[in-house]
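Report on the structure
Below, each chain spelled out in residue letters.
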Amino acid sequence: MTETYAVLAIMLAMLIGAISPGPSFLLVARISLSQSRRHGLASALGMGLGGMILATLAVIGLQALFMQVEWLYMAFKIGGGAYLVYLGYLLWRGAKQPLTAAAAAPSRSGVFRTFLLALATQLSNPKTVIFYSSVFAALLPATPSAGTMILLPVLLFLVEGGWYTAVALAFSTSKPRAAYLRAKTWIDRIAGAVMAGLGLRLIFGSARV
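Residues numbered from 1 in each chain as written. Predicted model: local features only at pLDDT ≥ 70, side-chain atom pairs only at ≥ 80, totals over all residues. Heavy atoms only, no water.

Along the protein, the regular secondary structure elements total 11 helices and 0 strands. Traced from its N-terminal end to its C-terminal end, the protein shows the element sequence α-α-α-α-α-α-α-α-α-α-α. With 209 residues in all, the protein has 41% of them scored as buried. Total accessible area computed for the protein in this model is approximately 10,800 Å², and 71% of it derives from carbon and sulfur atoms. (Helix = DSSP H or I, 4+ residues; strand = E, 2+ residues; numbered from the N terminus. Buried < 20%, exposed > 50% of the residue type's maximum accessible area, 1.4 Å probe, protein only. Areas by Shrake-Rupley, 256 points an atom, 1.4 Å probe, with all protein chains shown as cover.)

Here the focus is the nonpolar core. Ranked by internal contacts, the top residues of the largest apolar core, which has 17 residues, are Ile10, Met11, Met14, Tyr132, Phe136 and Leu152. Of all the elements in the fold, those that place two or more residues in this core are helix 1 (3-19), helix 3 (37-59), helix 8 (127-139) and helix 9 (146-171). With 5 residues, the top contributor of residues to this core is helix 1. With sequence-adjacent residues up to four places away left out, isoleucine 10 is seen in contact with Val135, Phe136, Leu139, Leu140 and Leu152. (Core = buried A, V, L, I, M, F, W, Y, C linked by side-chain atoms within 4.5 Å. Contact = heavy atoms within 4.5 Å.)

So, on to the packing of helix 2 (residues 23-34) against helix 10 (residues 174-182). Contact geometry of helix 2 with helix 10 gives a least axis separation of 8 Å together with a crossing angle of 90°. What the angle tells us is that helix 2 and helix 10 run roughly perpendicular. Every residue of helix 10 that contacts helix 2 at Arg30, Ser32, Leu33 and Ser34 is listed here: Pro176, Arg177 and Tyr180. Partitioning the contact of helix 2 with helix 10 into residue classes produces 3 nonpolar, 2 polar and 2 charged. (Axes fitted to C-alpha atoms, helices over the stretch in contact; angles between N-to-C directions. Parallel < 35°, antiparallel > 145°, perpendicular 65-115°, else oblique. Nonpolar A, V, L, I, M, F, W, Y, C, P; charged D, E, K, R; others polar.)

Turning our attention to the confidence of the model for the protein. Chain-level pLDDT for the protein is 80 on average; 88% of the residues reach the 70-or-more range. Per-element mean pLDDT across the protein ranges from 37 in helix 6 (residues 101-104) up to 91 in helix 3. Ignoring residues within four places in sequence, the model shows residues 100-108, a span with pLDDT below 50, making 10 contacts including any to other chains. (pLDDT = per-residue confidence, 0-100.)

On inspection of all chains with the given rule, the structure shows 3 aromatic pairs. Seen in terms of ring centroids, phenylalanine 25 and phenylalanine 171 are 6.1 Å apart; in terms of plane orientation they differ by 85°. Their pairing is edge-to-face. Of this pair, phenylalanine 25 sits in helix 2 while phenylalanine 171 sits in helix 9, placing them 146 residues apart in sequence. Aromatic side chains phenylalanine 112 and phenylalanine 115 sit 6.1 Å apart centroid to centroid with 25° between the ring planes, which places their arrangement in the stacked category. In this pair, phenylalanine 112 and phenylalanine 115 both sit in helix 7 (residues 108-123), 3 residues apart, roughly one turn of the helix. (Phe/Tyr/Trp six-rings, centres within 6.5 Å; stacked < 30°, edge-to-face > 60°.)

Along the polypeptide, alanine 13 turns up in helix 1. Alanine 13 has contacts with Phe131 and Val135, leaving out every residue within four places of it along the chain.

With that settled, consider helix 9. Here helix 9 is 26 residues long and its end C-alpha atoms lie 39 Å apart, about the 38 Å a rise of 1.5 Å per residue gives. Maximum bend of helix 9: about 25°, positioned at leucine 152, with proline proline 153 one to four residues after it. Taken as a whole, helix 9 has its buried residues at Thr148, Leu152, Pro153, Leu155, Leu156, Val159, Glu160, Gly161, Tyr164, Val167 and Ala168. (Expected span 1.5 Å × (residues − 1). Bend = angle between axes of the 7 residues up to and from the residue.)

As for its placement among the helices and strands, isoleucine 10 is situated in helix 1. In the structure, isoleucine 10 is positioned 122 residues away from tyrosine 132 in sequence and 8.9 Å away in space, judged by C-alpha atoms.

Positionally, proline 144 belongs in the loop between helix 8 and helix 9. Taking the relative accessible area as the measure of exposure, proline 144 reaches 24% and is therefore partly exposed. Each C-alpha atom, one on proline 144 and one on alanine 6, is 9.8 Å from the other, the two residues being 138 residues apart in sequence. Discounting residues that sit within four places of it in the chain, proline 144 has contacts with Glu3 and Met149.

Quick look at the structure:
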């Protein structure tokens, strides 16, 4: 397989991984529904940057470090899982709180905080690095060029950021937002429970890398 075809296959695998429902999708959809399109796009940018950072870590071999130092991987797992559980708790706790005009109004600082929240959520799962590393190992030639290794994180940013931008645009339109406002309490509780469940699964899942 040539490097060009290998890169295309990697991008397809990453797109499938991004589309699969998870905490990142859940967060972007919820932000886009409950706040503004600007907030949704900021969260998409955070997800894209997070994906690029994780891809860079995969390229430089963080998987090998996790395999050699198991306690470090466990620390990442527990910390990331606890963060997701905390986000789930916040969603559940705020389920009955109405969205006020002030809370929903876009602001520069609020948009930046949304970006940081999305970035932290994307970085909270060390298994993503393992997924990236596994795909790279399976599809790249034994000695990829330096250009390909530099290009991969950039392409991952485009895949992750592009997908979540589409999610933000879809969920920030008027009809989905109106439906969300009608069922906010139950949607937020379900979202909080799912987010916390994903965090607990990360914490108590298999300890093997």
